[in-house]
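What follows is the residue order along each chain.
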Amino acid sequence: MEVGEGSAAGRGYRTRRELKFKKNEEDFEEWYEDVVVKGELIEYYQVSGCYILRPWCYSIWESIKSFLDAEMRCMGVENVYFPLFVPEKLLSKKKDVEEEEEGEEEEEEEAKEPRKFAAPPEDQEKVVAWVTKSGSGELDVPVAIRSSSETIMYHSFAKWIQSHRDLPLKLNQWCDVVRWESKDPTPFIRSKEFLWQEGHTAFGIKEEADAEVQEVLEVYGRVYEELLAVPVIQGVKSEREKFPGSLSTATVEAFVQGPRGIQGATVRSLGQHFSKAFNITFEDEAGAKKRVWQNSWELSTRAIGIMAMVHGDDRGLVLPPRVAPIQVIVIPTSGASSSSETTNADAADLSQECKSVAHLLQEGGVRSATDPREDCTPGWKNAYWEMKGVPLRVEISARDMENRQVTVARRDLAEGANGHTTVVPKHELLETVRELLDRIQRCLLESARQQRDAAMAVALNWQDFKTVRQRKKMVLAPWCDEVEAEKQVEEKLRRRCKLMLRMPYELDNNTHLSLITRMITTLSADTKCFVTGKPAKSWGLWGRSF
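Being a predicted model, the structure only gives us computed values, none of them experimental.

Let us look at the nonpolar core. Formed by 67 residues in total, the largest nonpolar core has its most connected members in Leu-41, Ile-64 and Leu-299. For this core, the element with the most residues is helix H2 (residues 55-75), which contributes nine residues. Not counting residues within four places of it along the chain, the set of residues in contact with Leu-41 comprises Val-36, Ile-52, Leu-53, Arg-54, Trp-56, Cys-57, Ile-60, Phe-188, Ile-304, Ala-308 and Leu-317.

Here helix H4 (residues 150-160) lies mainly inside the structure; eight of its eleven residues are buried. For H4, the complete set of buried residues consists of Glu-150, Thr-151, Ile-152, Met-153, Tyr-154, Ser-156, Phe-157 and Ala-158.

Here we come to a negative patch on the surface. A grouping of Glu-428, Glu-431, Glu-435 and Asp-438 is seen on the molecular surface, where their side chains present a negatively charged patch. As for its position among the elements, Glu-428 is in the loop between strand S19 (421-425) and helix H11 (429-454). A relative accessible area of 36% places Glu-428 in the partly exposed class.

Moving on, we get to the sheet that holds strand S6 (residues 137-145). Taken together, three strands build an open sheet; the order of strands is S4-S6-S5 and the sheet is antiparallel. A strand with exactly one partner marks an edge of an open sheet, and here the two such strands are strand S4 (85-87) and strand S5 (130-134). With direction set aside, neighbouring strand axes in the sheet form an average angle of 50 degrees. Of the pairings in the sheet, the one linking S5 to S6 comprises four bridges and is antiparallel in character. Residue pairing for S6: Lys-133 is matched across the bridge by Glu-138.

A word on the confidence of the model for the protein. Taken over all residues, the pLDDT of the protein has a mean of 87, while the share at 70 or more is 86%. A low-confidence stretch, residues 104-124 stays under pLDDT 50, and its non-local contacts, those more than four residues away or across chains, total 33 contacts. Taken as a whole, residues 505-521 scores under 50 in pLDDT and shows 41 contacts with residues more than four places along the chain or in a different chain.

A word on helix H1 (residues 28-38). Burial runs high along H1: eight of the eleven residues are buried. Inspection of H1 places Phe-28, Trp-31, Tyr-32, Asp-34, Val-35, Val-36, Val-37 and Lys-38 among the buried residues, and these make up the whole buried set. Looking at the buried side of H1, the elements it contacts are strand S1 (42-44), strand S10 (248-256), strand S11 (260-271), helix H7 (302-311) and helix H9 (378-388). Glu-40, located one to two residues past H1, shows a positive phi value of around 65 degrees.

Glancing now at the pairing of strand S8 (residues 193-203). Within a regular strand, side chains alternate between the sheet's two faces. Counting buried residues in S8 gives nine out of eleven residues, a clear majority hidden from the surface. Note that S8 and strand S14 (residues 293-300) share eight bridges and pair antiparallel. Directly across from Gln-197, in S14, lies its bridge partner Leu-299.

With respect to the helices, strands and loops of the structure, Lys-355 is situated in helix H8 (residues 344-363). Residue classification places Lys-355 among the partly exposed residues on the basis of a relative accessible area of 35%. For the pair Lys-355 and Thr-370, spaced 15 residues apart in sequence, the C-alpha separation works out to 6.4 Å. Ignoring anything within four residues of it in the chain, the contact list for Lys-355 reads Glu-2 and Thr-370.

Rules of the game
Residues numbered from 1 in each chain as written. Predicted model: local features only at pLDDT ≥ 70, side-chain atom pairs only at ≥ 80, totals over all residues. Heavy atoms only, no water. Core = buried A, V, L, I, M, F, W, Y, C linked by side-chain atoms within 4.5 Å. Buried < 20%, exposed > 50% of the residue type's maximum accessible area, 1.4 Å probe, protein only. Helix = DSSP H or I, 4+ residues; strand = E, 2+ residues; numbered from the N terminus. Contact = heavy atoms within 4.5 Å. Patch = residues over 30% accessible without salt bridge, like charges linked within 9 Å, V, L, I, M, F, W, Y side chains within 5 Å. Areas by Shrake-Rupley, 256 points an atom, 1.4 Å probe, with all protein chains shown as cover. Salt bridge = Lys/Arg side-chain N within 4 Å of Asp/Glu carboxyl O. Lys, Arg positive; Asp, Glu negative; His and termini not counted. Charge placed at Lys NZ, Arg CZ, Asp CG, Glu CD. Pairing = 2+ DSSP bridges. Axes fitted to C-alpha atoms, helices over the stretch in contact; angles between N-to-C directions. pLDDT = per-residue confidence, 0-100.

This is the structure in structure tokens:
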């Protein structure tokens, strides 16, 4: 592969791109928005809160998609696609589920004809966007644009599920969703439109649905840790934070500068709330009518933004090798041969040598490219590809050609750091590159894990809790799971701290809790809540959210 002016990576290269902000707590948001633009992940669009996903970004998304598709096939999940538009009649059923969960009365019968109106109903979710016109005329019945697909899909579930033989039903769709967010749009993190996968499943018994929750959490954890080299913690949201209408909402939580938690992916145990609203029932082996148990789960392009936040530095993006569109960039550099000054013939030979090295790597399964642009200096090219986060850079000079060697530079290490550059004989290059890519992947994960662990501490009582928070660390504390106590903590801390996760699982069995397993093993029977003194039911992770 050769990068040139015609490629997406080559266009606009004459403008030198340096970050305006440093990656520190004070400038973190500005640094982040700067790095995702100059690293060519996104471009701003004319509609606020909407972003163009550039080829560099979309290639990363395709790597995530390929991984998840393979995992979902092993789980027996099939891909489908449902329409973008939602009739108000169906959307109102989701509202009924949420109201029922809040203890409000649910209507027992559905109106025979849809209610007609010329404007969207005022009592619907504020983030739902509506289509109200066709050309210059008003629609008799406006339709909502998909903000999630429960209401779109479950009407069909009720048709497709009749018998226990139809279960389990496991479907997933890759699509975009629209949520008309008006508060502080941020690329990948909070936007009006974004891409995701959403799985929707139905089971005959609750135990099967509960088992899937943990299975999907593990898969999402692997996306972050094995692909993106981002350490995550599994847990369950509090009653106040869970998805309305669900029995529970489990997440994988990542951690960024601050430190601050950020929700990486979500698995919702929907129970039978939606099966009741949409009349999704089946006949069991004994002929009895029963409602199904349902889950829904999602991972979005937010994962790309989290990866950029965690690994990026003051020189730009730092991409984990497993998702980097280009793993190795090969660049010709200055450095005359021992016998003569560099000539046009030498330059042509050097260019050909770069192509030969890139081809050698490609044949060995390494995603590589050359940068032959003649009107850019080697130093400029180095900075350009550093900004884009390419894991390895191979530099070749005329002298290197004579000595049949190359210089390899690692993007994840600072210039001048031990191991940043290595001179490698050409015949050892492929093996060396493979080893370095594996090492970079491991080092990125371990470095991020160490930073997270250093920003977290355990507190067993209120005084210790306050002390840890004063040190600007996240706090792991025994928790009684009471809503009023949660409110009390937030009010005492003036809402500068919230309960990010509850962790009811056996901690020593959770592979994503490396810090916690070193500090504590499990919740003992006599452990008390750090704020109420009542028996603790879980560990709670407290801190700020991004």
